[in-house]
Amino acid sequence: MKRHARYAHGFTITEMALTIAVIGLMAATGAAAYARLADRANQQISVQASATALNEAVIAFAAGRFRLPCPSMDNSGHEGTGGICAATDRVGMFPYSAVGLPMPAPGARALYGVYRHAAADLAAAREYTGDPAGSPAHAARSDFLHALRTAAAQGLSDSQPYTTGDGAANGAEDCSSVRSNPAFVVTLPGADRDGDGRGFDGIHQSLPGTGRCFSAPTRAADSGFDDTTEAFGFYALLARLHH
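Treat the numbers as computed from the prediction; the structure is a model and nothing was measured.

A. Focus on a nonpolar patch on the surface. Taken together, the side chains of Leu-18, Val-22 and Met-26 make up a nonpolar region of the molecular surface, amounting to roughly 320 Å² of accessible area. As for its position among the elements, Leu-18 is in helix 2 (residues 13-65). Here Leu-18 falls in the exposed class, since its relative accessible area comes to 57%.

B. Representation of the packing of aromatic side chains in the model. Inspection of every chain in the model, using the stated rule, returns five aromatic pairs. Considering the side-chain rings of Tyr-115 and Phe-234, the 5.1 Å spacing of their centres and the 85 degrees angle between planes classify their relative orientation as edge-to-face. Here Tyr-115 is found in the loop between strand 2 (111-114) and strand 3 (116-117), whereas its partner Phe-234 is found in helix 4 (residues 234-242), with 119 residues between them in sequence. For Phe-234, a relative accessible area of 10% puts it in the buried group. Ring pairs connect the aromatic residues Phe-94, Tyr-96, Tyr-112, Phe-184 and Phe-232, which therefore count as one cluster.

C. Highlighting helix 3 (residues 141-152). For helix 3, built from 12 residues, the straight-helix expectation of 16 Å at 1.5 Å per residue is met to within 8% by its first-to-last C-alpha distance of 17 Å. Along helix 3, the residues that are buried comprise Asp-143, Phe-144, Leu-145, Ala-147, Leu-148, Thr-150 and Ala-151.

D. View of empty space enclosed by the protein. For the structure shown, the criterion picks out one cavity of 30 Å³ or more. In this model, the largest cavity occupies a volume close to 40 Å³. Taken together, Phe-66, Asp-121, Ala-124, Ala-125, Arg-126, Tyr-128, Ala-139, Ala-140, Asp-143, Phe-144 and Ala-147 make up the full set of residues lining the largest cavity. In terms of residue count, the dominant contributor to the lining of the largest cavity is helix 3 (three residues). Residues of the lining of the largest cavity, tallied by class, amount to eight nonpolar, no polar and three charged.

E. Layout of the pairing of strand 6 (residues 184-188). Burial analysis of strand 6 places five of its five residues in the buried class, which makes it a mostly covered element. Of the two faces of strand 6, the one carrying Phe-184, Val-186 and Leu-188 and the one carrying Val-185 and Thr-187 are both buried. For strand 2 and strand 6, the ladder comprises four bridges, and the chain directions are antiparallel. When the bridges of strand 6 are listed, Tyr-112 appears paired with Val-186. Pairing geometry for strand 6 and strand 8 (residues 228-232), over five bridges, is antiparallel. What sits directly across from Thr-187, in strand 8, is Thr-229.

F. Quick look at the state of the cysteines. All told, the structure shown has two disulfides when counted by the stated rule. Two residues, Cys-70 and Cys-85, share a disulfide whose sulfurs are 1.8 Å apart. Here Cys-70 and Cys-85 share a disulfide; its torsion about the S-S bond, 65 degrees, makes the bridge right-handed. One end of the pair, Cys-70, is in the loop between helix 2 and strand 1 (91-93); the other, Cys-85, is in the loop between helix 2 and strand 1, with 15 residues separating them in the sequence. Judged by its relative accessible area of 27%, Cys-85 falls in the partly exposed class. Here Cys-175 is linked by a disulfide to Cys-213, with a sulfur-sulfur distance of 2.0 Å. An S-S torsion of about -80 degrees defines the bridge between Cys-175 and Cys-213 as left-handed. In this pair, Cys-175 sits in the loop between strand 5 (162-163) and strand 6 while Cys-213 sits in strand 7 (residues 213-214), placing the two residues 38 residues apart along the sequence.

Reading the values: the criteria
- Residues numbered from 1 in each chain as written.
- Predicted model: local features only at pLDDT ≥ 70, side-chain atom pairs only at ≥ 80, totals over all residues.
- Heavy atoms only, no water.
- Patch = residues over 30% accessible without salt bridge, like charges linked within 9 Å, V, L, I, M, F, W, Y side chains within 5 Å.
- Areas by Shrake-Rupley, 256 points an atom, 1.4 Å probe, with all protein chains shown as cover.
- Salt bridge = Lys/Arg side-chain N within 4 Å of Asp/Glu carboxyl O.
- Helix = DSSP H or I, 4+ residues; strand = E, 2+ residues; numbered from the N terminus.
- Buried < 20%, exposed > 50% of the residue type's maximum accessible area, 1.4 Å probe, protein only.
- Phe/Tyr/Trp six-rings, centres within 6.5 Å; stacked < 30°, edge-to-face > 60°.
- Expected span 1.5 Å × (residues − 1).
- 1 Å grid on protein atoms, 1.4 Å probe; cavity = no way out; pocket = protein on both sides within 12 Å on 5 of 7 lines; lining within 4 Å.
- Points joined across faces, edges and corners; volume = space filled by probe spheres on them.
- Nonpolar A, V, L, I, M, F, W, Y, C, P; charged D, E, K, R; others polar.
- Pairing = 2+ DSSP bridges.
- Disulfide = S-S within 2.5 Å.

Structural data, given as structure tokens:
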């Protein structure tokens with residue numbers, strides 16, 4: 001009876017050792033999972049900070065040049081190809097050198113798209129309001145603001161850089177569906193979630209190429225996608241340049 005009571009009120013040394021081992025294993029597994037989540041969160045914060053820095057560099061460029069920078073089509077970081085921006089250059093690598101930023105490592109470089117319409121070419125400093133050449137108001141700030149308003153009045157088009165749905169409340173992620181044409185759009189690669197050896201995932205794999213389709217800024221990350229897209233609208237840019 002005494003021996004039976006001892007088992008009822010306590011643990012043997014073997015049972016205690018086994019319990020401690022299980023608790024230790026659970027703690028180690030939990031710590032590893034937490035570390036992975038923390039790493040992902042820190043990476044996302046870092047990418048978001050980079051996207052914000054690129055946006056601000058583009059806005060500063062526009063404030064001083066009265067136009068948006070052209071994408072880098074030759075991966076040099078300069079605008080266009082060899083510093084020359086063709087009228088058809090809409091989607092390419094982010095023009096780091098043109099906006100005064102250092103070039104990151106190849107796998108960390110962002111994609112960039114800019115709105116360029118015959119009636120409102122945001123990558124060209126043009127005269128829209130009839131001011132004579134040589135006058136201070138010729139191809140100046142007021143003309144760029146006019147171009148932004150004109151661009152905002154145009155219909156949606158897949159001939160311009162555009163965002164698609166987010167696979168949720170914003171509609172299906174489908175590049176045959178144009179959800180918005182931003183003034184400019186920036187996409188940064190994540191950690192190659194789809195494992196194909198390239199930084200950009202999903203619909204961004206065909207960019208720059210001939211594509212113009214970007215993921216929605218609200219598109220959630222999943223097991224095969226963790227790119228970060230920020231699209232700056234015409235009126236949002238107008239508001240920033242009015243400050």
